[in-house]
Amino acid sequence: MQTLAAAIDTAAAQIEAQVIAWRRDLHQHPELGNREFRTASIVAEHLRALGFDEVKTGVAHTGVVGLLKGGRPGGVVALRADMDGLPVTEEVELPFASKARAVWNGEEVGVMHACGHDCHVAILMGVASILAGLREQIPGSVKFIFQPAEEMPPEGEEGGAALMIKEGVLENPTPSAIFGLHVTSRQSAGVIGYRPGPTMASSDKLKITVRGKQTHGAAPWLGVDPIVTSAQIVLGLQTIVSRTLDLNREPAVVTIGAIKGGVRENIIPDTVEMRGTIRSFDEGMRDAIHERVTQLAEGISAASRASCQVCITKNYPVTRNDPVLTEQMVPTLTRVASTGPRPMGIEVVPKATGAEDFSFFQRLIPGLFFFVGVTPPEIAPSQAYSNHSPRFVVDERGLEVGVRALAHLAVDYLAQRQS
């Protein structure tokens with residue numbers, strides 16, 4: 001008789017082709033945040049067909065939550081996959097390439113799974129199949145969380161992990177730990193990457209509106225120029241990280257990504273609007289950056305006889321892997337990475353200034369978020385198109401590693417809770 005671990009590996013090999021088929025179907029039919037109706041329907045139907053004890057739909061608009069109770073008593077662990085695509089027009093020539101179009105914040109856009117969430121859904125559906133088939137041997141319960149809107153909901157809407165939590169996804173029953181993964185172009189297919197502690201940055205939205213006094217461009221002294229003032233603010237913002245933060249603690253980023261003001265070359269406008277992003281790995285530094293951005297923008301504006309309004313919206317917290325949980329589960333990830341049909345290995349990855357709303361779960365219960373490479377071995381990861389690129393490509397050999405990793409993490413964690 002096979003051990004439970006061996007049975008998981010056998011089942012993962014048997015279901016790999018189905019996982020790839022699911023992923024291709026989802027890739028061809030991507031849906032934007034809070035609009036994952038088709039995806040959610042496929043997931044819910046799959047969980048019901050597997051005989052899950054509970055299947056809840058419509059959580060945080062389109063989320064699906066399934067509960068699988070094992071045949072042996074034990075604790076509760078959660079597994080999470082995000083479902084939404086991005087407003088990106090695909091440029092990869094694949095037979096299952098996305099041709100989807102949708103409206104995002106009032107603008108018609110192409111839609112693509114440019115970040116690999118199609119892989120995450122297919123992987124977790126595969127894990128559901130494996131664990132449902134082995135449920136009598138599982139010491140506890142596994143909560144499957146299929147989450148919408150990780151890439152942010154449309155403007156004016158709530159969504160994502162924060163709304164799922166608000167609607168009780170971590171209750172009845174409450175898991176004592178949660179695991180999630182992300183496929184990445186930064187590693188070769190099948191390589192597992194992880195990091196204890198701060199792993200991905202917090203993400204905050206910055207909007208600065210500078211108000212001056214409109215005048216003819218030939219007579220700037222008759223007005224107050226918000227364009228020159230904004231230029232000084234942009235330059236000043238660069239000193240917040242380089243001159244006021246202790247970068248021995250953690251890195252940080254302040255970026256202005258959009259600036260808009262004026263309609264003619266010979267008219268100094270009334271207002272200029274800047275939009276940007278703030279990234280950090282420490283909550284104290286995060287708050288300090290917010291304070292200094294506001295002080296600097298207001299101070300420069302006042303010195304220029306202009307006024308300004310600074311609006312900073314906190315989006316995602318720091319994705320922080322619980323150090324104790326990480327140390328506890330690294331042997332499982334190492335075993336997965338070094339076995340199977342295509343053993344590729346495991347590595348500690350550098351911090352990433354991208355953000356993840358998995359972080360909301362980690363603020364409430366211990367969590368481990370890790371990475372699985374999907375770059376073809378003939379391409380150096382440094383040369384691969386990144387996640388969010390219209391040319392992002394997935395080597396599907398990485399999916400089987402993701403399936404085994406999540407399945408083994410869930411079972412091993414529950415077994416360790418019993419010991």
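Starting afresh in each chain, residues are numbered from 1 along the sequence in its written order. Since the coordinates come from a predicted model, pLDDT governs what is reported: local features require at least 70, and pairs of side-chain atoms require 80 or more to be given and counted, while whole-chain, interface and lining totals use all residues. No hydrogens and no water enter the side-chain calculation; it runs on all heavy atoms of the structure.

- Taking an unreviewed UniProt entry as the reference, the protein chain is identified by name as N-acyl-L-amino acid amidohydrolase belonging to Roseateles puraquae.

Here's the deal with the overall build of the protein chain
- A helix here means a DSSP run of H or I that spans at least four residues, while a strand means a run of E at least two residues long, and both kinds are numbered starting from the N terminus. Helix and strand counts for the protein chain stand at nine helices and 18 strands.
- As defined in this context, the radius of gyration uses C-alpha atoms, and a globule is described by 2.2 Å times the residue total to the power 0.38. At 24 Å, the protein chain has a C-alpha radius of gyration in line with the 22 Å of a compact globule built from 419 residues.
- Along the longest, intermediate and shortest principal axes, the C-alpha atoms of the protein chain span 90 × 45 × 45 Å.
- The protein chains shown are the only cover counted for residues, whose accessible areas, like all others here, come from Shrake-Rupley with a 1.4 Å probe. On the protein chain, roughly 17700 Å² of surface is accessible, and the fraction owed to carbon and sulfur atoms is 52%.

Observations concerning the domain arrangement of the protein chain
- Domain annotation of the protein chain identifies domain 1 (4-199 + 318-417) and domain 2 (202-315).
- Between domain 1 and domain 2, the contact holds 10 residues from the first and 11 residues from the second.
- Buried surface area refers to the total accessible area, computed with a probe of radius 1.4 Å, that the two partners give up upon joining, counted for both partners together. Together, the buried faces of domain 1 and domain 2 total about 870 Å²; carbon and sulfur atoms form 62% of this surface.
- The largest share of the area that domain 1 buries against domain 2 comes from Val318, Lys351 and Thr353, three residues that together contribute 57% of it.
- What counts as a salt bridge is simple: a side-chain nitrogen of Lys or Arg found within 4 Å of a carboxyl oxygen of Asp or Glu. Counting across the interface, domain 1 meets domain 2 through one salt bridge.
- Measuring nitrogen to oxygen at the nearest pair gives 2.3 Å for the salt bridge that ties Lys351 to Glu250.
- Under this definition, polar contacts are N or O atom pairs within 3.5 Å; protein pairs additionally need one hydrogen-donor-capable and one acceptor-capable atom, and for neighbouring residues in sequence, both atoms have to be side-chain atoms. At the surface where domain 1 touches domain 2, the tally comes to two residue pairs in polar contact (both at pLDDT 80 or more).
- Basically, the charged four are Asp, Glu, Lys and Arg, the nonpolar ten are Ala, Val, Leu, Ile, Met, Phe, Trp, Tyr, Cys and Pro, and anything else, Gly included, counts as polar. Among the residues forming the side of domain 1 that touches domain 2, the class breakdown is six nonpolar, three polar and one charged. Marked domain ranges trace back to an automatic or database domain assignment. Residue contacts are counted whenever heavy atoms from the two residues lie within 4.5 Å of one another.

Some points on the packing of aromatic side chains
- Two rings from Phe, Tyr or Trp (for Trp, the six-membered ring) form a pair when their centres sit within 6.5 Å of each other. Planes less than 30 degrees apart are called stacked, planes more than 60 degrees apart edge-to-face, and all others tilted. Summed over the entire model, instances satisfying the criterion amount to six aromatic pairs.
- Between Phe179 and Tyr413, the ring centres sit 5.9 Å apart and the planes meet at 75 degrees, which makes this aromatic pair edge-to-face. One end of the pair, Phe179, is in strand β7 (residues 178-188); the other, Tyr413, is in helix α9 (residues 397-418), and 234 residues separate them in sequence.
- Relative accessibility decides the category of a residue: with a 1.4 Å probe and only protein chains considered, values under 20% of the type maximum give buried, values over 50% give exposed, and everything between is partly exposed. On the accessibility criterion, Tyr413 (4% relative accessible area) is buried.

Focus on the pattern of salt bridges
- By the definition in use, this model includes 23 salt bridges.
- Measuring nitrogen to oxygen at the nearest pair gives 2.8 Å for the salt bridge that ties Asp357 to Arg80. Remark: Arg80 occurs in strand β3 (residues 72-82) and Asp357 occurs in the loop between β17 (346-348) and α8 (358-362); sequence separation between them is 277 residues.
- Three or more residues joined by partner-sharing salt bridges are found here, namely Arg23, Arg24, Asp118 and Glu396.

Focus on the UniProt feature "binding site: Mn(2+)" (unreviewed entry) in the protein chain
- UniProt positions are given in the numbering used here, feature names are shortened, and annotations may be inferred rather than shown by experiment. In this structure's numbering, the residues bearing the UniProt feature "binding site: Mn(2+)" (unreviewed entry) are Cys115, His117, Glu151, His182 and His388. Of the residues just listed, which span 274 residues, no C-alpha pair is farther apart than 13.0 Å, and they cluster in one region.
- Structurally, His117 is set in helix α3 (residues 117-133).
- When near neighbours in sequence (up to four residues on either side) are disregarded, His117 contacts Asp82, Met83, Asp84, Glu150, Glu151 and His182.
- Mapped onto the fold, His182 is located in strand β7.
- His182 has contacts with Cys115, His117, His120, Glu356, Phe369, Phe370, Phe371, Val372 and Asn387, leaving out every residue within four places of it along the chain.

Digging into the pairing of strand β6 (residues 139-147)
- For β6, the buried fraction is high: nine of the nine residues fall into the buried class.
- Two strands are said to pair when DSSP picks up at least two bridges between them. As defined by bridge partners, β3 adjoins β6 across nine bridges and the pair is classed as parallel. Across the sheet, residue Arg72 finds its bridge partner in β6, namely Pro139.

Quick notes on the environment of Gly345
- Among the structural elements, Gly345 can be located in the loop between α7 (323-338) and β17.
- Residue class for Gly345 comes out partly exposed when judged on its relative accessible area of 22%.
- Beyond its immediate stretch of four places on either side in the chain, Gly345 contacts Gly190, Val191, Ile192 and Ala337.

Considering the state of the cysteines
- Only a pair of cysteine sulfur atoms within 2.5 Å counts as a disulfide in this structure description. Following the criterion strictly, the structure yields zero disulfides and no others.
- No disulfide involves Cys119; its nearest neighbouring cysteine sulfur is the one of Cys115, lying 9.9 Å away.
- Overall, Cys119 belongs to the buried group, its relative accessible area being 0%.
- As a non-bridged cysteine, Cys311 has Cys308 as the owner of its nearest cysteine sulfur, 12 Å distant.
- Take Cys311: its relative accessible area is 40%, and that puts it in the partly exposed class.

Focus on helix α1 (residues 4-28)
- The span one expects for a helix is its residue count, reduced by one, times 1.5 Å. The end-to-end C-alpha distance of α1, which contains 25 residues, comes to 35 Å, matching closely the 36 Å that a straight helix rising 1.5 Å per residue would cover.
- The angle between axes fitted to the seven residues ending at a residue and the seven residues starting there is what we call the bend at that residue. Along α1, the helix axis deviates most sharply at Ile15, where the bend reaches about 50 degrees.

Details of the nonpolar core
- With 72 residues, the main nonpolar core has Val127, Leu131, Phe144, Phe146, Phe179 and Phe370 as its most contacted residues.
- What Phe144 contacts, discounting residues up to four positions off in sequence, is Phe52, Val64, Val65, Gly66, Leu68, Leu79, Leu124, Val127, Ala128 and Leu131. Note on terminology: a nonpolar core comprises buried Ala, Val, Leu, Ile, Met, Phe, Trp, Tyr and Cys residues joined through side-chain atoms within 4.5 Å.

Some remarks on the sheet that holds strand β1 (residues 54-59)
- Strand order in the open sheet formed by eight strands is β1-β2-β6-β3-β7-β18-β8-β17, with mixed pairing between adjacent strands. The outermost strands of the open sheet, each flanked by one partner alone, are β1 and β17. Along the sheet, successive strands turn relative to each other by an average axial angle of 25 degrees, direction set aside.
- In this sheet, β17 lies alongside strand β8 (residues 192-194) in parallel orientation, the contact comprising three bridges. Across the sheet, residue Tyr194 finds its bridge partner in β17, namely Val348. Axes, fitted as lines to C-alpha atoms, cover a helix only where it is in contact. Angles between the N-to-C directions of the axes lie from 0 to 180 degrees.

Comments concerning the side chain of Gln187
- Secondary-structure assignment places Gln187 in strand β7.
- On the basis of relative accessibility, which here comes to 4%, the residue Gln187 falls in the buried class.
- In contact with Gln187, other than residues within four places in its own chain, are Ile192, Gly193, Glu347, Val349, Phe371, Gly373, Val374, Thr375 and Pro381.

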